[in-house]
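# Descriptive analysis of the structure
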Amino acid sequence: MVTLRALAVVVLLLLPSLATAAPPEVRLADGGKPLLSVVTAPAASARTKAAADSLAAVLSRVTGAKFEVATGDGSSGIAVGVAADFPALGLDKQLTADGPARLEQYLLRSHAKGLYAVGATELAVEHAAWDLLHRLGYRQFFPGETWEHVPSSPDLRIAVDANEKPAYFVRRIWYGYGAWDFNAKAQADWQARNRAASAFKLNTGHAYDGILRQYKAEFDAHPEYYALVKGERKGSKMCAGNPGVRALAVRHAKDYLAKNPDADSVSIDPSDGGGWCECDACKAIGSPSDRALTLANEISAWLEAEKPGKYVALYAYNQHAPPPSIKARPRVIINAATAFLKGITIDHVIDGWTKQGVTQFGIREYYGVNTWDRDLPGRSRGSNLAYLTRTIPAFAERGARFMSAESSDSWAPNGLGFYLANRMLWDPSEAKRVDALKADFFDKAFGPARPAMEKFYALLDGTRPPLLSSDLIGRMYRLLDDAGKLAGGDAKVRARLDQLLLYTRYVELFRDYSAAGGKERQAAFEKVIRHAYRIAPTMMIHSKALARDLAGRDKSVTLPAEAKFNAKKNPWREEPPATRAELDAMLASGIERNKLAGFDPVAFDTDLAPAQAALKLPDSPSLGDTTTTRGVHTFFVWIPDASPDKPFALDLTVTGGLIAHYRDRGDVKVRLYTGGLGQGTEAGDEAEEVPVATGAVPPDGQPRKVTLKATAPGLHRVWISDGSDSTRTEWPADVARTIKVDPETRAMFVGRRAGYFYVPRGTKMVGGYSSGDGDIHGPDGKRLFELPKGGEFFKIDVPAGQDGKVWSVRNAAGTIGLMTVPPYLAPSPKGLLLPKGVIEADK
């Protein structure tokens, strides 16, 4: 516990009007002695009394004083209760927020005789109690006792006048692979102490499968209720064109709400995947979105008549993400998914559904999906602090009031993001002070170790995802070592550092497993899972998800039956926690094993120009003019001569849909931008850059011509996006074309690739990063270096006389990044574009 002797905690929250007097300061404790009691009404509910007890207990821990809980009318002391508990105070007139927000609205107000912590509901009272403690310096950053911060303040005072309500009615950050036997309560406690528990219960999960199971007898009696797929009535979808199915959807809602009378909504979201009905009646209704909304509208009509306070909800997701052509009825809630959007953007989804009458909508997010990120540093949206800070306020401003974010029990890489996201979900304006929130976290969680831990968390920030390498892991270990020295004897800080040390060891073991092959892979896999089981109670990684999923997706390894996550007796979970000696040895060996890259990156700009003539580069043969890409890629091209009157036609042959089962992800988009700055995105870049030409081809596996007309000479960019299908582009041989291959861009080769790059004069070392194999060849075409596998930095000493010349990458796979030479790769020296500064210096 951090000791702050004789510290008076003063929190002053001014009202918006400058003419309004500042709230009076109330003293809660002095010299470790309580000055007020916590007060509840004689008729207070058990839940309200529990909130008062929790408040008194934490105040006692903060001050060293014994705070008592008494009964009274709320006029003096720290009044804790719903407004109806203290009718003489008349506070109910100030708790009148619209809609579901009122269910969580509360007041914190200091006055001459004490303090009000009064809410509209019992949940709101709990929010008030924990918010008061937050304002007094208490924190529960992550779940578990280790991440609880209790300040030491024998003298405690506060001045506050706050009327709080949430911006998002639902603020769910939930575990996609579920809670386990040890973490469910810790998760619930974190939610309560951070106002994450929501009053409104939104049900949007896939519902069709459950309906098919629940009413199997009806479906068996009426096979025409099933979706018609390839001539058969089968599958996990229903025939929305059948009146009997629409009646059954309403029956589902009636039965659900009868069994769950406190539920605020019932889900009618379609089952995952395809299999939509192909009958004429369904085709007449329209798209999958139209059909999903048709069933939702049937339920809404019944709710409007019989249950006006209830809602029907579903996702806008996958094939039913595109906006419908029909209007939504008033009791329909849509949660728009931010992933699995086929050729459209989240903005398009929101705009389209709201234009069709959806007034209540939310966001279905993906802050952590273990199968995607495996809890590695910077891999998930939950770790991308810039993304969270940008999107949460933006969605709220557009009217989003529900947030359901699939996540993981992965508090090491994502905990800071989860904590900040939750603050912003309550109040999006917190995004404006995210730096202050981060500073508060580093101060209170790490105290004197803050300098090292700020650098450590910078390595975990998904805003600039780090490369998985020995360098990354080595830096993590070294920063934890520095932090431990700074922390000294602070036991609480050391306990947090120990948990992050165990996480760093996990990252190291996972990297070893990823790079292993043959017999070594099974052994490396077992080390990962054994370690995951052992550190599961720390909640630093989602051990349950790894144990459930990893072996299922990697057919080269197996998990013994006794080690499965649901085994009744699992010896792999019974290892004791790591001892101090083990932790110290883990840190020392981690530093020894993981060497740093050994070079500093060199920055080069994107103001490019043709280099061959100026630098007298050789006329070496092309290494290939056909490029296969996946996802979003940008190519730099040089237009030799063009004007508005006489445009230059850049003729490409584009074949989309190379992965047949991904052909539902929309057309391949092709755009031409001028200049070398910025990168085109799905909707242009953040500066609203407008392309000078656009094109598109269907993802059907057929080569098609795309002509982009440039109206000015000079540097341009060709941007290609295919929704992560795969696309082959054939380029004209007479156009200079270059790609950027630095760690930020992370050019991913599809298949084996090759290209030329330039080593400027005076360069002593070629340094970079590679995740796959391949070779580096010198100016004479001879192999100089074999690229490392498995994700690693590399460095090559430049032989005498080999600088100021063109080198090449040959037969490369995976990702490659050049970091000490211009990170530009071209099929031939003739097509190589380089920074103008490099050209000027070397010519």
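What counts and how
- Residues numbered from 1 in each chain as written.
- Predicted model: local features only at pLDDT ≥ 70, side-chain atom pairs only at ≥ 80, totals over all residues.
- Heavy atoms only, no water.
- Helix = DSSP H or I, 4+ residues; strand = E, 2+ residues; numbered from the N terminus.
- Rg over C-alpha atoms; globule rule 2.2 N^0.38 Å.
- Buried < 20%, exposed > 50% of the residue type's maximum accessible area, 1.4 Å probe, protein only.
- Areas by Shrake-Rupley, 256 points an atom, 1.4 Å probe, with all protein chains shown as cover.
- Lys, Arg positive; Asp, Glu negative; His and termini not counted.
- Charge placed at Lys NZ, Arg CZ, Asp CG, Glu CD.
- Pairing = 2+ DSSP bridges.
- Axes fitted to C-alpha atoms, helices over the stretch in contact; angles between N-to-C directions.
- Contact = heavy atoms within 4.5 Å.
- pLDDT = per-residue confidence, 0-100.
- Salt bridge = Lys/Arg side-chain N within 4 Å of Asp/Glu carboxyl O.
- Polar contact = N/O pair within 3.5 Å; in protein donor to acceptor, adjacent residues only side chain to side chain.
- Core = buried A, V, L, I, M, F, W, Y, C linked by side-chain atoms within 4.5 Å.
- Expected span 1.5 Å × (residues − 1).
- Parallel < 35°, antiparallel > 145°, perpendicular 65-115°, else oblique.
- Left-handed = near helix turned anticlockwise from the far one by under 90°.
- Phe/Tyr/Trp six-rings, centres within 6.5 Å; stacked < 30°, edge-to-face > 60°.
- Lys NZ or Arg CZ within 6 Å of the ring centre and 35° of its normal.

### Some remarks on the overall build of the protein chain
What the protein chain contains, in helices and strands, is 21 helices and 38 strands. What you see for the protein chain is a C-alpha radius of gyration of 30 Å, in line with the 28 Å of a compact globule of 843 residues. A burial count over the protein chain gives 55% of its 843 residues as buried. Entry remark: accessible area of the protein chain is about 34600 Å², with carbon and sulfur atoms responsible for 51%. Within the protein chain, one finds 107 positive and 98 negative side-chain charges whose respective centroids are separated by 1 Å.

### What to know about the sheet that holds strand β7 (residues 106–111)
Here we have 6 strands laid out as an open sheet, ordered β5-β4-β6-β8-β7-β12, and mixed in their pairing. Single-partner strands in this sheet number two, and they are β5 (69–71) and β12 (161–164). Across the sheet, the mean angle separating the axes of adjacent strands is 20° when strand polarity is ignored. Along the sheet, helix α1 (residues 46–63) makes contact with β4 (38–40), β5 and β6 (77–82), crossing β6 at roughly 150°.

### Points about the sheet that holds strand β24 (residues 648–655)
Across the sheet, 4 strands lie side by side as β22-β29-β24-β27; this open sheet has antiparallel pairing. Only two strands of the sheet have a single neighbouring strand rather than two, namely β22 (626–629) and β27 (704–710). Taking each pair of neighbouring strands and ignoring which way they run, the sheet shows an average axis angle of 30°. Judged from the 7 bridges that link them, β24 and β27 form a sheet pairing that is antiparallel. Its bridge partner lying in β27, V654 is registered against R704.

### A word on the environment of G309
Residue position: G309 is located in the loop between α8 (288–306) and β17 (311–316). C-alpha of G309 to C-alpha of V160: the two residues are 149 residues apart in sequence and 34 Å apart in space. If near-sequence neighbours (up to four positions away) are discounted, G309 is found in contact with D264 and R331.

### A few points about the confidence of the model for the protein chain
Residues at a pLDDT of 70 or more form 96% of the protein chain, whose mean pLDDT is 93. pLDDT under 50 marks residues 1–19. Its contacts with residues more than four places away, or in other chains, come to 46 contacts. Low pLDDT, under 50, characterises residues 679–687; the stretch is placed with 21 contacts to residues that sit more than four places away or in other chains.

### Structural notes on the side chain of D722
If you trace the backbone, D722 turns up in the loop between β28 (714–721) and β29 (727–730). Buried charge without a partner: D722 forms no salt bridge, and the closest opposite charge is R630, 6.3 Å away. A polar side-chain atom of D722 sits 2.8 Å from the main-chain amide nitrogen of G631. Of note is the side chain of D722, whose polar atom sits 3.0 Å from the backbone nitrogen of S724. The residues touching D722, leaving out its near neighbours within four places in the chain, are T629, R630, G631, R665, V668 and T727.

### Describing unusual backbone geometry
Positive phi is not limited to glycine here, since N318 has a value of about 55°. Checked against the element boundaries, N318 lands in the loop between β17 and β18 (332–337). On the basis of relative accessible area, N318 is assigned to the buried category, the value being 11%.

### Quick word on the nonpolar core
One finds I268, F441, F446, M453, Y457, L500 and Y506 to be the most contacted residues of the largest nonpolar core, which totals 136 residues. Of all the elements, helix α16 (residues 491–515) adds the most residues to this core, at 11 residues. Once you skip the residues sitting within four places of it in the chain, M453 turns out to touch F442, F446, L480, A483, L497 and L500. One finds V654, L672, I776 and W807 within the second-largest nonpolar core, a separate group that totals 37 residues.

### Some words on the pattern of salt bridges
All chains considered together, the criterion is met by 49 salt bridges. Residue R553 pairs with D549 through a salt bridge whose shortest N-O separation is 2.8 Å. Here the residue R553 and the residue D549 both occupy positions in helix α18 (residues 543–553), the gap between them amounting to 4 residues, near one helical turn. For R553, a relative accessible area of 57% puts it in the exposed group. Residue K836 pairs with D607 through a salt bridge whose shortest N-O separation is 3.7 Å. Placement of K836 in helix α21 (residues 836–842) and of D607 in the loop between α19 (580–593) and β21 (608–610) is noted, with a sequence separation of 229 residues between them. Judged by its relative accessible area of 38%, K836 falls in the partly exposed class. You can call D607 partly exposed: its relative accessible area is 38%. Taken together, the shared-partner salt bridges connect D131, R135, E164 and R195 into one network.

### Regarding helix α13 (residues 434–446)
End to end, α13 covers 18 Å across 13 residues, agreeing with the expected 18 Å (1.5 Å per residue, within 8%). Of the positions making up α13, those classed as buried are V434, L437, D440, F441, F442, A445 and F446. In this structure, the buried side of α13 is in contact with β9 (139–140), α11 (385–397), α12 (411–426), α14 (450–460) and α16.

### Remarks on the packing of α13 against α14
In the contact formed by α13 and α14, the axes pass within 9 Å of each other and the chain directions differ by 125°. Taken together, the axes of α13 and α14 lie oblique to each other. Note on packing geometry: the crossing formed by α13 with α14 is right-handed. Here A439, F441, F442, D443 and F446 of α13 lie close against α14, whose contacting residues are R450, M453, E454 and Y457.

### Overview of the packing of aromatic side chains
What the rule picks out here adds up to 38 aromatic pairs. Consider the rings of F340 and Y366, whose centres lie 5.9 Å apart with planes at 65°: the pair is edge-to-face. With F340 in the loop between β18 and α9 (346–355) and Y366 in strand β19 (residues 360–366), the pair connects residues that are 26 residues apart, well separated along the chain. Overall, Y366 belongs to the buried group, its relative accessible area being 4%. One aromatic cluster is present, formed by F141, F142, W147, W190, W411, F418, Y419, F441, F442, F446, F456 and Y457 through successive ring pairs. Its end group placed over the ring of W276, K237 keeps NZ or CZ at 5.1 Å from the ring centre. Above the plane of the ring of Y513 lies R521, whose end atom (NZ or CZ) is 4.4 Å from the centre.

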